[in-house]
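# Structural characterization, general
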Amino acid sequence: MIGTREAAPDRDHCDDAELIRRSRSEPERFARLVDRHAPRIHRYIAQRLGPDTADDLMAETFLVAFRRRNAYDVTRSQALPWLYGIATNLMARHRAAEVKKYRLLERIGPGSSDEEMTEAIVDRVDAQGLSGPLAGALAALPARQRNVLLLVAWADLSYEEVAEALDIPIGTVRSRLSRARTRLRDALGGSDPSMAVEEDER
């Protein structure tokens, strides 16, 4: 499975932008971009939608990226935010499945959840007992707020990278993240569900 294999040694030492630029005339070079970033994209999709969906959606993410590579802004040396943005947009069609998964985790409660999906978030809330209510709170978030929150918390993107990934202003990233954190805090009875997201930019 491409999403979980160890990345091969990177023979192309150029940055992502240069790799994409070269792939326009040498399409086979695009495979190096897949090798570099497929594990992280796969893990992010699996956390949100589960491993059964992650393989196909990760492959579709890179297929879309390959088709759009001529339009990539080569002044951006790192392509990961772009790839996360494509994956997030593709996940929109699976929004109902994502919410259903969070609702299931909410009902099951702590100790019985899918470890692959919840490990990162549970590590950040400082209380294992919050996993069930937290899943319910995530399900209740508007999709736009949930996308920003999870790109920061699970994909570990900076505010600028989230803005690039979702093609929104950085101020919108800040406001959506703030609203999401407030909603989660209220849903969890005042517990801080900030998921290690600092108020200041990293």
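Given the structure is predicted, the values throughout are model-derived calculations rather than measurements.

The rules behind the values
Residues numbered from 1 in each chain as written. Predicted model: local features only at pLDDT ≥ 70, side-chain atom pairs only at ≥ 80, totals over all residues. Heavy atoms only, no water. pLDDT = per-residue confidence, 0-100. Contact = heavy atoms within 4.5 Å. Phe/Tyr/Trp six-rings, centres within 6.5 Å; stacked < 30°, edge-to-face > 60°. Helix = DSSP H or I, 4+ residues; strand = E, 2+ residues; numbered from the N terminus. Lys NZ or Arg CZ within 6 Å of the ring centre and 35° of its normal. Buried < 20%, exposed > 50% of the residue type's maximum accessible area, 1.4 Å probe, protein only. Arc of directions from axis to C-beta. Salt bridge = Lys/Arg side-chain N within 4 Å of Asp/Glu carboxyl O. Polar contact = N/O pair within 3.5 Å; in protein donor to acceptor, adjacent residues only side chain to side chain.

### A word on the confidence of the model for the protein
- Scored by pLDDT, the protein comes out at a mean of 79, with 71% of its residues at no less than 70.
- In this model residues 111-130 is a low-confidence stretch, pLDDT under 50, and it forms 34 contacts with partners more than four residues away in sequence or in other chains.
- Of the regions scoring below 50 in pLDDT, residues 194-202 engages in 27 contacts with residues more than four places distant in sequence or in other chains.

### Side note on the packing of aromatic side chains
- Taken as a whole and assessed by the stated rule, the structure comprises three aromatic pairs.
- Ring geometry for Phe 30 against Phe 66: centres 5.3 Å apart, planes inclined by 75°, an arrangement best described as edge-to-face. Residue Phe 30 is located in helix H2 (residues 30-49), and its partner Phe 66 is located in helix H3 (residues 51-67); the two are separated by 36 residues in the primary sequence.
- Between Arg 69 and the ring centre of Phe 66, over which it is positioned, the NZ or CZ distance is 3.9 Å.

### Considering helix H9 (residues 159-166)
- For H9, the complete set of buried residues consists of Tyr 159, Val 162, Ala 163, Ala 165 and Leu 166. Here the buried residues of H9 occupy an arc of 165° about the axis, which is enough to place them on one side.
- Looking at the buried positions of H9, the neighbouring elements they touch are helix H4 (80-91), helix H8 (143-153) and helix H10 (170-187).
- Of the residues trailing H9, Asp 167 is marked for its positive phi of about 55°.

### What about the pattern of salt bridges?
- Summed over all chains, the structure comprises seven salt bridges.
- In this structure, the salt-bridge partner of Glu 18 is Arg 21, at a minimum N-O distance of 2.5 Å. On the criterion of helical spacing, the pair formed by Glu 18 and Arg 21 is a turn pair, its members being three residues apart in helix H1 (residues 16-23).
- For Glu 18, a relative accessible area of 22% translates into the label partly exposed.
- A salt bridge links Arg 76 to Glu 164, with the nearest nitrogen and oxygen atoms 3.1 Å apart. Taken together, the residues span a long stretch of sequence, with Arg 76 in the loop between H3 and H4 and Glu 164 in helix H9 at a distance of 88 residues.
- Relative accessible area serves as the criterion here: at 22%, Glu 164 is assigned to the partly exposed category.
- It is possible to trace a salt-bridge network through shared partners that takes in Glu 18, Arg 21 and Arg 22.

### Regarding the side chain of Ser 23
- Mapped onto the secondary structure, Ser 23 falls in helix H1.
- Separated by 2.7 Å, the side chain of Ser 23 and the backbone oxygen of Ile 20 make a polar contact.
- In this structure Ser 23 touches Arg 29, Phe 30 and Arg 69, once residues within four positions along its chain are discounted.

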